[in-house]
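Residues per chain are reported as follows:
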Amino acid sequence: MKVSPIPPRAADWSVRIVSVETSAVLVAENTWMGTRMDPPLLMISINKLQDGHLKDTAANILANEEFVVHIADEEIAAPMHHCGRNVPREVSELDEVGLTSTPSAMVKPPRIREAPVAFECRLSETIETSSRYIFIGQVVWLSARSGLVDTDRWRVNLRHYRPVARFGASYYIRTSDRFEIEDSQASKHHNQESFDRL
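What you are looking at is a predicted structure, and each value in this text was computed from that prediction instead of being measured.

Criteria and cut-off values
Residues numbered from 1 in each chain as written. Predicted model: local features only at pLDDT ≥ 70, side-chain atom pairs only at ≥ 80, totals over all residues. Heavy atoms only, no water. Helix = DSSP H or I, 4+ residues; strand = E, 2+ residues; numbered from the N terminus. Buried < 20%, exposed > 50% of the residue type's maximum accessible area, 1.4 Å probe, protein only. Contact = heavy atoms within 4.5 Å. Areas by Shrake-Rupley, 256 points an atom, 1.4 Å probe, with all protein chains shown as cover. Phe/Tyr/Trp six-rings, centres within 6.5 Å; stacked < 30°, edge-to-face > 60°. Core = buried A, V, L, I, M, F, W, Y, C linked by side-chain atoms within 4.5 Å. pLDDT = per-residue confidence, 0-100.

Student: Which residues make up the overall build of the protein chain, and what values do they have?
Tutor: For the protein chain, the count of helices and strands is 4 helices and 14 strands. Classification of the 198 residues of the protein chain by burial places 37% in the buried group. Across the protein chain, every contact between residues at least 6 apart in sequence was considered, and the portion connecting residues at least 24 apart equals 59%. If you sum the accessible surface of the protein chain, you get close to 12,700 Å²; carbon and sulfur atoms cover 52% of it.

Student: I'd like a rundown of the packing of aromatic side chains, residues and numbers included.
Tutor: Counted according to the given criterion, the structure contains 1 aromatic pair. Note on Tyr133 and Phe135: the rings are 5.6 Å apart at their centroids and 5° apart in plane angle, and the pair reads as stacked. You can call Tyr133 buried: its relative accessible area is 11%. By relative accessible area, Phe135 is classed as buried at 0%.

Student: How would you explain the nonpolar core if you had to name every residue and give the values?
Tutor: Counting 18 residues, the largest nonpolar core has Trp32, Leu42, Phe67, Phe119 and Phe135 as its most contacted members. Core analysis: the second largest hydrophobic core is formed by 7 residues, Cys83, Leu94, Val97 and Ile112 among them.

Student: Would you mind going over the confidence of the model for the protein chain in detail, with residue names and values included?
Tutor: Across the protein chain, pLDDT averages 77, with 78% of residues at or above 70. Here residues 15-29 scores under 50 on pLDDT; set against residues more than four positions off or in separate chains, the count is 54 contacts. Here residues 192-198 is a poorly scored stretch, pLDDT under 50, and it has 0 contacts once near neighbours within four places are set aside; other chains count.

Student: So, the environment of Asn64: which residues are in play, and what are the values?
Tutor: Its place among the elements puts Asn64 in helix H1 (residues 56-64). As a C-alpha pair, Asn64 and Leu123 span 59 residues in sequence and 8.7 Å in three-dimensional space.

Student: Outline H1, listing residues and values.
Tutor: Those residues of H1 not exposed but buried are Thr57, Ala58, Asn60 and Ile61. Positive backbone phi, at 60°, marks Glu65, one or two positions downstream of H1.

Written as structure tokens, this is what we have:
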């Protein structure tokens, strides 16, 4: 309830190493956000269990210092949500929901082939509170679905990008209903003067 009034958060998975072998284990209940552009940083917050023990995600990030964060879109929203189910550690959530893993470019944890965007991260900083771990990771590689990024202008092709956001519990929203707010001429003039003064 304490975070429910916050506008929708990006729906994501975190993928991490769970053993000596490289494998994908997914979690869909974490909170994350981008925090900086240069260098690019992501923050992921993971609750501690009621008995004080660590979730597998947090334990493996601490042990391996690498992780991958994915964006989920409408096409794979349902599989992403179902990855939040509790399953034994030896069970692959990917197999359970019909998704596939593929090797990452720069880190050991694999990425999800069907995800439109995957941020490969190396752990930069860890913050521990009484109830959670907050991990800040530096993005070392970004993988995007073919055609999603216009490599001539280095812009995301929004016509083909439909990420979903989580409202809370089992509620999500689409991002397909979009609108643009144009600056007035006065605002544009004011903004230009502001830039000129910098």
